[in-house]
Amino acid sequence: MESWRIIATALLGGGGVVLVLLTMAKVRDRSGRSSTVAISGAIAFTALLVLCVVTITVLPAGIAWVAVVVVGVVASVLLLVG
C-alpha cells in the first residue's frame, strides 16, 4: 500500500471525526432529541468510513487529496463559525 494513501486516510479520518461531532452538536441544538442525534451521528460516521475505505483502496490521488482539503476546510470553517 502506498504511503500517500495512508497519510490521506489519516488526515481524512481526523477531520471527519471533527465533522461528525459538529454534525451531532448542530442536530442536538436544533432538535433536542437524542434519537435524532444518534441517527445523524451514525449516518455521518458511516459516510466517513466509506470515504476512508474508498480513499485507502481505489480513489485516485488527485481526488483523494481534494477530499482531504475539502473536509479540512469545512471542519475549520465550522469550528471558527460555531
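Anything mentioned here points back to the structure above.
Residues numbered from 1 in each chain as written. Predicted model: local features only at pLDDT ≥ 70, side-chain atom pairs only at ≥ 80, totals over all residues. Heavy atoms only, no water.

> Sorry, what's going on with the pattern of salt bridges here?
Any two side chains of opposite charge can pair, given that their charged atoms come close. On inspection of all chains with the given rule, the structure shows two salt bridges. Of the charged contacts, one joins Asp29 and Arg28 as a salt bridge, the two residues approaching to 3.7 Å between their closest N and O atoms. Take Asp29 and Arg28: they sit in the same class, and that class is exposed. (Salt bridge = Lys/Arg side-chain N within 4 Å of Asp/Glu carboxyl O. Buried < 20%, exposed > 50% of the residue type's maximum accessible area, 1.4 Å probe, protein only.)

> For this particular structure, what's the right way to read helix 2 (residues 34-57)?
One turn of the α-helix equals 3.6 residues, which is why residues spaced by three or four share an orientation. Compared with an ideal rise of 1.5 Å per residue, which puts 24 residues at 34 Å, helix 2 spans 34 Å between its outermost C-alpha atoms and is within 8% of the ideal. For helix 2, every residue scored as buried is listed here: Val37, Ser40, Gly41, Ala44, Leu48, Cys52 and Thr55. If you follow the buried residues of helix 2, they end up packed against helix 1 (3-31) and helix 3 (61-81). (Helix = DSSP H or I, 4+ residues; strand = E, 2+ residues; numbered from the N terminus. Expected span 1.5 Å × (residues − 1). Contact = heavy atoms within 4.5 Å.)

> What is the right way to read the packing of helix 1 against helix 2 from this model?
Describing two packed helices takes the angle between their axes plus the distance from one axis to the other. Look at helix 1 against helix 2: their axes get within 9 Å of each other, and the N-to-C directions meet at 165°. As summarised for this structure, helix 1 and helix 2 are arranged roughly antiparallel, according to the angle between their axes. The element helix 1 and its partner helix 2 pack so that their crossing is right-handed. Where helix 1 approaches helix 2, its residues Arg5, Ala8, Thr9, Leu12, Gly13, Gly16, Val17, Val20, Met24, Val27, Arg28 and Ser31 are matched on the opposing element by Thr36, Val37, Ser40, Gly41, Ala44, Phe45, Leu48, Leu51, Cys52, Thr55, Ile56 and Thr57. The residue inventory of the contact of helix 1 with helix 2, partitioned by class, reads 13 nonpolar, nine polar and two charged. (Axes fitted to C-alpha atoms, helices over the stretch in contact; angles between N-to-C directions. Parallel < 35°, antiparallel > 145°, perpendicular 65-115°, else oblique. Left-handed = near helix turned anticlockwise from the far one by under 90°. Nonpolar A, V, L, I, M, F, W, Y, C, P; charged D, E, K, R; others polar.)

> I'm lost on the nonpolar core in this one. Help?
Soluble, globular proteins show a tendency: their nonpolar side chains are buried together. Ala8, Leu12, Leu19, Val20, Ala44, Leu48, Cys52, Val68, Val71 and Ala75 form the largest nonpolar core, which has ten residues in total. Broken down by secondary-structure element, the contributors of at least two residues to this core are helix 1, helix 2 and helix 3. When residues of this core are assigned to their parent elements, the largest contribution, four residues, is made by helix 1. Excluding its chain neighbours within four sequence positions, the residues that come into contact with Val20 are Gly41, Ala44, Phe45 and Leu48. (Core = buried A, V, L, I, M, F, W, Y, C linked by side-chain atoms within 4.5 Å.)

> Would you mind showing me how to read a nonpolar patch on the surface here?
A surface patch of nonpolar side chains, amounting to about 300 Å² of accessible area, comprises Val66, Val70, Val74 and Leu78. Mapped onto the elements of the fold, Val66 is located in helix 3. (Patch = residues over 30% accessible without salt bridge, like charges linked within 9 Å, V, L, I, M, F, W, Y side chains within 5 Å. Areas by Shrake-Rupley, 256 points an atom, 1.4 Å probe, with all protein chains shown as cover.)

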